[in-house]
Structure formats: structure tokens, C-alpha cells
Amino acid sequence: MASKLPPSMAGLSLLLLVGRDHSYGTAGLAVSGLAIGQGATAPLRGRLIDRHSPGPVLLGCLAVHLTATLVLVLVVRGGGSASAILTLASAMGASAPPVTVMMRSVWHRSTGSSADDAVDGSTDTRMLATAMALDSSMMATALITGPVLASWLSLSVSPVVPFAVVALLTTATVGLLVNSAGPPPRSARSGHRLGPLASPPLRSLLAADALFVMAVTAVDVVLPIYAREYHAAGFTGLYLGVLSVGSVLGSLALGAVPNLLSPRGRKISVLLCVFAVGTGALTWATEVSPLAVLLVCPLAGLVIGCTFATLRTTGGGLAPEGRVTETMSWLSSLDMAGGAIGAAVFAHIAAEQGSRTALLWVPAVVLVAAVVSWNTRARTP
């Protein structure tokens, strides 16, 4: 859980810190720089961990990250320029220790799962599926509690305190991972220079992941616009909170039945089709009333966490030998890219054509993701 809270706190903490002494335009650009820096360099950091001993890479990233964070706080509080703030925010993201993706690699290594296990449905693979479902439910929980904690600390104590909490949690997680991580296998030091991108099934998986996150982000963006359009602004927080609660409960429920989450078969496509039905029901509910939307939200969110978990489980099974961390890093980067595109595109559609029209497009995006992911169960050669 300590690895999940810092990413969920960082963006809002940075927004509130910079927004206190600068314009919110500058604060928003700083948050974008943080995300771009993290997403653009995630595969490189994942490859370094796979090729070298994880300890030095994690500790090196931590040292740079903590330094960039400290300097950023000092520059903001000292009235530094916007360009300096944006540069330091990007450096924070680019140097963030990849503890979240590393945790998923540890799950794979701890269960001893492989792509061969994925085919025969071994006990280790079922355990991995449950572990990934738990990991996904913790991430969803952190996405609820992290911003709440960050805003409370920023507004009630000091805008600097959330950064101290994030630094402490990140340092603790790095320490735990350094102690549990072993040396990389020899195969991680060789192989195709494109790494996971050389695998057609993995390329399909990455595309499906980006489309799925685009759809999830679209729902998160359009629902508040819908609430404002139909004079139900009080429901805004409830919509997103109940959607996340449905995701957590779905992850825990299906994680208890691991065969449903194993990479065997076309589970990703099935889950995406279920999500398409859920978002379709959400679109129908917008024609009824804001209260109906609230009641449908937990059903629409029921398989979000499960789908994330299955994408990660399948990604690990398809990863070239010794490239699990890099594969997870690519998935993380595609999450950010899909989220950014989804937020921009669907906010524009909602503003120009209304929230209901924007929601109508969400099931279509999900179904495209289901088609793209149809053949991702094969093992990477």
C-alpha cells in the first residue's frame, strides 16, 4: 500500500503547492510535466532494473527524486520562475523510483509464474491472478484516499507536508524492495533491442490497455460535466467515489476466484465487453435522472479493477524472459498516454456536444479495445 499512495498524492499536492504562489495555469503545467516526465522515462527505468541489480537503480532514482523534490519545494516557496518549476516537476517525474511497477514484478517472481504456467492454469498462476487483483484493488483504494489525504494535509497543515509524507513512503518502499529484489536473470541482459515492443501480442495488449484507460478516464471526466449540466453538482464526488468502490469490490470478489482472472483464454476481451455493457447502462441512466446514474455507477465500475489486474497478469505472462519490469513499465506509460488522450478528447466532445453524446462514444472505444486484445493470450516467442 505504501507504493500506491505516493503516485495518487503527488499530482494534487503539486497543484496545491504551486497554485498557492503562482497561477493555476502554471500549477496545471507543472502537474503535466510531472506526468510526462514519469511516463516518458518509465520503460527506460524498467529496462535498467531488468538488466542490472534493482538495488542500485532504485536507490539512484530515489536520490535524484528526493533532491528534485526538495529543490522544487524551495524554488516554489522562494518565488522561483515558472520555467524552473516546470523543469523540476519534470525531473521529479523522470526520476521517480518505479516502485509500483516493481511491485508487480515482485508478484510475478514471488509466485514463480511464467507464460507456460498461464497455459496449464497452474496453482502459481492462480495465486498470481489473486495477487494482481489485490494489487489492483489497493491501487483503486489509493486513488480515493490519496487525494483526500493530500488535500487535507495541504489545506489544514502545510502545502509542504504532503511532499514529506510522499518522500517517507517512497523511501520506505524502496528499502523494502531493495531487500526483496534479487539479481536480474542473464536473459534480461540480452534480447531484442525493442524489448517487449518486438512482440506482436504485447503490442496488441499495450494498445488495448491504452484504449481501456482512455475509456475509464472518459467516464471520470464526463460524469462531473453531466452533473453540472443537469444541476446535480452535489453528486460529482459521489459518482467518482462509488465508481471506485465498485472497482474495489469487483477486484476483491473476482480475485477470490482466480481462474476467472488467469491469462488463459480471452479473459481480457470478455471483461472489456462487460465494461462496455456497464458504460452502455451508464449512458442509458443519464436519460433517466442523476440519481439513476449514481445507482448504476458501482455496476459500471465493477470490472475496472479486474480488467487492470488481468492486463497486468497477461502482460507478465507474455513478457520476454527477464523483461517483466520493462513490460509493466510500458503498461504504466500507456496508462498515462491513454488517460491524457481520453481526458482531452472526451472533455472536448462533452463541451461541444454535451455529456450524453460523449458517454455514447465510451462503449465504442471499449469494444475496439476488446477486438484489439482478442489474440493476446499467445506466448511471446
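Sequence order as written defines residue numbering, which begins from 1 separately in each chain. Note on the predicted model: pLDDT of at least 70 is required for a residue's local features to be given, and 80 or more for side-chain atom pairs to be given and counted; whole-chain, interface and lining totals, by contrast, use all residues. Heavy atoms throughout the structure, all of them, feed into the side-chain values; hydrogens and water do not.

Before going further, it helps to spend a moment on the packing of aromatic side chains. Centres within 6.5 Å make a pair out of two Phe, Tyr or Trp rings, where for Trp the six-membered ring is used; the pair is then stacked when the planes are under 30 degrees apart, edge-to-face when over 60, and tilted otherwise. For the structure shown, the criterion picks out five aromatic pairs. When the ring of Tyr226 is compared with that of Tyr239, the centres are 6.5 Å apart and the planes differ by 40°; the resulting orientation is tilted. Here Tyr226, found in helix α9 (residues 200–229), pairs with Tyr239, found in helix α10 (residues 236–255); they are 13 residues apart in sequence, far enough to count as distant. A connected cluster of aromatic rings, assembled from ring pairs, spans Tyr226, Tyr230, Phe235 and Tyr239. For helices the rule is a DSSP run of H or I covering at least 4 residues; for strands it is a run of E covering at least 2, with both sets numbered from the N terminus onward.

On to the packing of α9 against helix α14 (residues 324–353). Note on geometry: axes are lines fitted to C-alpha atoms, helical ones only across the stretch in contact, with angles between N-to-C directions running from 0 to 180 degrees. Put simply, α9 and α14 touch, their axes get as near as 6 Å, and they point 35° apart. The handedness of the crossing between α9 and α14 is right-handed. Polarity classes work like this: nonpolar for Ala, Val, Leu, Ile, Met, Phe, Trp, Tyr, Cys and Pro, charged for Asp, Glu, Lys and Arg, and polar for all others, with Gly in that last group. A class-by-class count of the residues in the contact of α9 with α14 yields 18 nonpolar, five polar and three charged. In a left-handed crossing the near helix is turned counterclockwise from the far helix by less than a right angle, and in a right-handed crossing that turn is clockwise.

Pairs can form between side chains of opposite charge once their charged atoms are near each other. By salt bridge we mean one thing: a side-chain nitrogen of Lys or Arg within 4 Å of a carboxyl oxygen of Asp or Glu. Tallying each qualifying case throughout the model produces six salt bridges. When the shortest N-O distance is used, the salt bridge between Asp209 and Arg312 registers 3.0 Å. Residue Asp209 is located in helix α9, and its partner Arg312 is located in helix α13 (residues 304–318); the two are separated by 103 residues in the primary sequence. Relative accessibility thresholds used throughout: buried, under 20% of the residue-type maximum; exposed, over 50%; partly exposed, between the two (1.4 Å probe, protein chains only). Asp209 sits in the buried class, given a relative accessible area of 0%. Between Glu287 and Arg356 there is a salt bridge, with its nearest N and O atoms 3.4 Å apart. Taken together, the residues span a long stretch of sequence, with Glu287 in the loop between α11 (267–286) and α12 (290–300) and Arg356 in helix α15 (residues 355–372) at a distance of 69 residues.

Bringing the packing of α14 against α15 into the picture now. At a minimum axis separation of 7 Å, α14 and α15 run at an interaxial angle of 140°. When α14 is examined against α15, the residues Phe346, Ile349, Ala350 and Gln353 are found in contact with a partner set consisting of Ser355, Thr357, Ala358, Trp361, Val362 and Val365. A class-by-class count of the residues in the contact of α14 with α15 yields seven nonpolar, three polar and no charged. We call two residues contacting when some pair of their heavy atoms lies within 4.5 Å.

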